Each structure stands twice: as structure tokens, then as C-alpha cells.
Amino acid sequence: MTNREVAGMITAVLGLCAIIAFLNAGINTSIFSWPLEAYLGVAFSIGWSTGIPNFLAYLLAALLFILVAVGFYKLGSWVYGLVAERG
């Protein structure tokens, strides 16, 4: 595993943690239930705002979190490539 891949994975994990913390700001729940609360909140928002069936809302919410993780991975590996290129 290259340093670029490690930087991408670290950025993806930190980015997901930041989004989960943002979605749970002001909610009085334990930190261990934040990921589930964020996922269910996004699924509810998608389902309620579009009126699609529940299973599709849950599927789209999972897809959204996967796309966010991939986006942060790509961003982290790209930034590491820029920094390592100059060094």
C-alpha cells in the first residue's frame, strides 16, 4: 500500500467523521450512536422530501455515504500527490 493510498483512506475516515459530527450537532445522543443517527436522518430526509419507497431511501442514503467516502479518498490522495510532488 502506497503512502498516497494511506493518505486517501485517512482523509476519507476523517471526512466521514466530520460529516457525521455535523449531522449530529445538537442531538443529545451518545457518540457511539452518531453514525446510525446520521444514516437514518439522511434516509428520512431523502424519503420524506422525495416520497420514494423506504427501501430506496435507505439505499440512496447508503450510496450517498459511499460516494462521500470515495470523494474524500480521491481528494486526500490528490492533495498528497501535490504535496509529495513538490518535496
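As shown above, the structure is provided for reference.
What you see is a predicted model; the values in this text were computed from it and never measured. (Residues numbered from 1 in each chain as written. Predicted model: local features only at pLDDT ≥ 70, side-chain atom pairs only at ≥ 80, totals over all residues. Heavy atoms only, no water.)

Caption draft 1: Structural detail: the nonpolar core. Ranked by size, the top nonpolar core spans eight residues in total: Ile-20, Ala-38, Val-42, Ala-43, Ile-46, Ala-57, Ala-61 and Phe-65. Elements with a minimum of two residues in this core: helix 2 (34-50) and helix 3 (54-86). Considering every element that reaches this core, the biggest residue donor is helix 2, with four residues. For Val-42, the residues in contact, after removing those within four places along its chain, are Leu-23, Ala-61, Leu-64 and Phe-65. (Core = buried A, V, L, I, M, F, W, Y, C linked by side-chain atoms within 4.5 Å. Buried < 20%, exposed > 50% of the residue type's maximum accessible area, 1.4 Å probe, protein only. Helix = DSSP H or I, 4+ residues; strand = E, 2+ residues; numbered from the N terminus. Contact = heavy atoms within 4.5 Å.)

Caption draft 2: A look at the environment of Ile-31. Tracing the sequence through the fold places Ile-31 in the loop between helix 1 (3-23) and helix 2. For Ile-31, a relative accessible area of 55% corresponds to the exposed category.

Caption draft 3: Structural detail: the side chain of Asn-24. Here Asn-24 lies in the loop between helix 1 and helix 2. One polar contact links the side chain of Asn-24 to the main-chain carbonyl oxygen of Ile-20, over a distance of 2.9 Å. The residues touching Asn-24, leaving out its near neighbours within four places in the chain, are Trp-34, Glu-37 and Ala-38. (Polar contact = N/O pair within 3.5 Å; in protein donor to acceptor, adjacent residues only side chain to side chain.)

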